[in-house]
Amino acid sequence: MIPAASSPDLGRTVYRPVRGGNALEDTVARLVQTVRLGVVAPGESLPSERELAERYGVSRDTVRQAIGELADAGYVVRRRGRYGGTFVADPLPVPAGPVDAAELEDILGLRRVLEAGAARAAASQALTDAARSALEQHHRATVGAAEGEYRRLDSLLHLAIAEASGIPSLLPLVVENRARINAWLDTFPLLPRNIEHSDAQHERIVAAILAGRADAAEAAVLEHLAGSEALLRGFLG
C-alpha cells in the first residue's frame, strides 16, 4: 500500500513503470527519489517487493537487488519477522562530494521554469474541491512542522502544486528535479529563520493559486525559490 503521505496521483507518478534496458539502475534511482522526496518518511516502510515489482513493471528479483543496493548505501534497513519489511533509514545518509557549478545552475534554472510554470498553470485552473483541499492540507502540514520533517513536507507541498497544474507530464519532471535539489539541500542544516520565511512564502503561493491569481502565484514561487537558491550557493559554492 502506498503511504498516506502521498496522494494517489503522486504515488502513481513516483511508482510508475521504469524504462526498459536499465531496469536495475532505474529502479534504484526511482527508489532513491521516493526516499529523497519524503514520499515515504524516515522510519516508515516501503511497499512490499511484490507491489513495487508490479508498479515498476520489473521482476521481484530486480526490486530485491535494488533494495539491496540501497541497504548497502544506508538508505534503507531490512527487518525480518512478523513486523519486518524494508524501512527508510532514520536518519538518512548525507550525500558528499564536490558540486559542479554549471550543473547546479542548470538544475536551479530548470526548477524556476518548472515550478513557476506549475504555479501559474494551477492558478489558471478551475480547481476541483479535491485539488483545493489537497493544497490546503499540504500547506497546513508544513506550518509548524518539526525541523526533522520540514523538508519532506515542503517537497510534498511543491509536488501538490505541480499536480494541481492539470498538466500530467509536468509532475514527473518536477519529481526528478526536486529529488536532485533535495540531495543538495540535505547536505546542510535547516535554519529556523529560513523556515519562518518559507512558511510565509508558502502562504502567499497557495493563497494566490486558490484565488486564481496566476501572475501573483508565479511571482511568489520565484521569490520563494530565490531564497533556497541563495542558501544552496552559500553552502555549496
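Residues numbered from 1 in each chain as written. Predicted model: local features only at pLDDT ≥ 70, side-chain atom pairs only at ≥ 80, totals over all residues. Heavy atoms only, no water.

1. A closer look at the packing of helix α5 (residues 101–124) against helix α7 (residues 147–164)
The angle between the axes and the distance between the axes are what describe a pair of packed helices.
For step 1, the next point in the chain: Remark: α5 packs on α7, axes separated minimally by 7 Å, with the N-to-C direction vectors making an angle of 55°. As judged from the angle between their axes, α5 and α7 are oblique. For the pair α5 and α7, the sense of crossing is left-handed. Residue-level contacts link Glu-115, Ala-118, Ala-119 and Ala-122 of α5 to His-158, Ile-161, Ala-162 and Ala-164 of α7.
For step 2, the next point in the chain: When the residues that make up the contact of α5 with α7 are grouped by side-chain class, the tally is six nonpolar, one polar and one charged. (Axes fitted to C-alpha atoms, helices over the stretch in contact; angles between N-to-C directions. Helix = DSSP H or I, 4+ residues; strand = E, 2+ residues; numbered from the N terminus. Parallel < 35°, antiparallel > 145°, perpendicular 65-115°, else oblique. Left-handed = near helix turned anticlockwise from the far one by under 90°. Contact = heavy atoms within 4.5 Å. Nonpolar A, V, L, I, M, F, W, Y, C, P; charged D, E, K, R; others polar.)

2. Considering the pattern of salt bridges
For step 1, the next point in the chain: The full count for this structure, using the stated rule, is 15 salt bridges.
For step 2, the next point in the chain: Note that Glu-54 is salt-bridged to Arg-50, the shortest N-O span being 3.2 Å. Here the residue Glu-54 and the residue Arg-50 both occupy positions in helix α3 (residues 49–56), the gap between them amounting to four residues, near one helical turn.
For step 3, the next point in the chain: The class of Glu-54 is exposed, set by a relative accessible area of 55%.
For step 4, the next point in the chain: A relative accessible area of 45% means that Arg-50 is categorised as partly exposed.
For step 5, the next point in the chain: Its salt-bridge partner being Arg-178, residue Asp-154 comes within 2.4 Å of it at the nearest N-O pair. With Asp-154 in helix α7 and Arg-178 in helix α8 (residues 170–185), this pair connects stretches of sequence that are 24 residues apart.
For step 6, the next point in the chain: Looking at Asp-154, the relative accessible area reads 10%, which means it is buried.
For step 7, the next point in the chain: Residue class for Arg-178 comes out buried when judged on its relative accessible area of 2%. (Salt bridge = Lys/Arg side-chain N within 4 Å of Asp/Glu carboxyl O. Buried < 20%, exposed > 50% of the residue type's maximum accessible area, 1.4 Å probe, protein only.)

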